[in-house]
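Descriptive analysis of the structure
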Amino acid sequence: MMTRVLVVTSSILGDHGQSLGLARHFQRLAEQRGDIELTIRDVVADDLPHLNIAELSSWQVSEEERTSEQRELAAVSDTLIAEVQAHDVIVLAVPMYNLGIPSQLKAWFDRILRAGKTFRYTENGPQGLVENKRAILLAARGGKYAGTAMDSQTPHITHMLGLIGITELDAVYAEGLNMGDEIKETALGEAHNQIEALVTAL
């Protein structure tokens, strides 16, 4: 039985991005399995714009009543949501920029966190509609933030995924990558080992 894995990358540094390096390590190991089907989504290459009122409004019009422009705008979110729904595991390779996630990744989340499609409001609060998925966070950071108040990424990502119903999240942190070669080498080695364990367990 094939396991379908969506890998979402968001580094602006191209081949020099450490988070992309983690994603590629995951990809190499997954491809060796033979029973994992991979899809790579580079949200930087996609160049998604910030969400605006025209695109948001297009979601609120029924498909039959949309103009051609609204159909085109709504198709962006519809495609990304369908891609998430079609996969069993969502891998997010995330660099830390100014203590947050890349704006390109936020633009991706803005299109998959959609009321009526991936979550709905109930009298007891939001209810996620994306079921039977798990997520893996591959975080690359120049400093050391995991487990501290400075780590705004992990709670943000956890809450956004939880909103749509993805509550199982494994996190791999490669930290201190700008704190000297020895720390960097150790951090990447430990992260690679954790990724190998996660791929083995898929």
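Structure: above.
Keep in mind it's a predicted model, so treat the numbers as computed, not measured.

Criteria and thresholds
Residues numbered from 1 in each chain as written. Predicted model: local features only at pLDDT ≥ 70, side-chain atom pairs only at ≥ 80, totals over all residues. Heavy atoms only, no water. Pairing = 2+ DSSP bridges. Helix = DSSP H or I, 4+ residues; strand = E, 2+ residues; numbered from the N terminus. Contact = heavy atoms within 4.5 Å. Expected span 1.5 Å × (residues − 1). Buried < 20%, exposed > 50% of the residue type's maximum accessible area, 1.4 Å probe, protein only. Phe/Tyr/Trp six-rings, centres within 6.5 Å; stacked < 30°, edge-to-face > 60°.

Across four bridges, strand β4 (residues 119-122) lies against strand β5 (residues 125-128) in antiparallel orientation. When the bridges of β5 are listed, Arg 120 appears paired with Gln 127. Between β4 and the antiparallel strand that follows it, β5, lie two residues.

Moving on, we get to the environment of Pro 49. Secondary-structure assignment places Pro 49 in the loop between α2 (43-46) and α3 (53-59). Separated by 126 residues in sequence, Pro 49 and Glu 175 place their C-alpha atoms 29 Å apart. Once you skip the residues sitting within four places of it in the chain, Pro 49 turns out to touch Ala 107 and Arg 111.

With that settled, consider helix α1 (residues 18-33). End to end, α1 covers 23 Å across 16 residues, agreeing with the expected 22 Å (1.5 Å per residue, within 8%). Looking only at α1, the buried set comprises Ser 19, Leu 20, Leu 22, Ala 23, His 25, Phe 26, Leu 29 and Ala 30. Those residues of α1 that are buried lie in contact with β1 (3-9), β2 (36-42), β3 (89-95), β6 (134-140), β7 (169-174) and α7 (181-201).

Inspection of the secondary structure puts Ala 107 in helix α5 (residues 103-112). Counting along the chain gives 60 residues from Ala 107 to Asp 47, while the straight-line C-alpha distance between them is 9.2 Å. Ignoring sequence-local partners within four residues, the contact set of Ala 107 consists of Leu 48 and Pro 49.

Next up on the list: the environment of Leu 56. Here Leu 56 lies in helix α3. Sequence-wise, Leu 56 and Ala 74 are 18 residues apart; in three dimensions their C-alpha atoms are separated by 8.1 Å.

Looking now at the packing of aromatic side chains. Taken as a whole and judged by the stated rule, the model has two aromatic pairs. Both rings, one in Phe 119 and one in Tyr 121, keep their centres 5.3 Å apart while their planes meet at 85°; by these two values the pair is edge-to-face.

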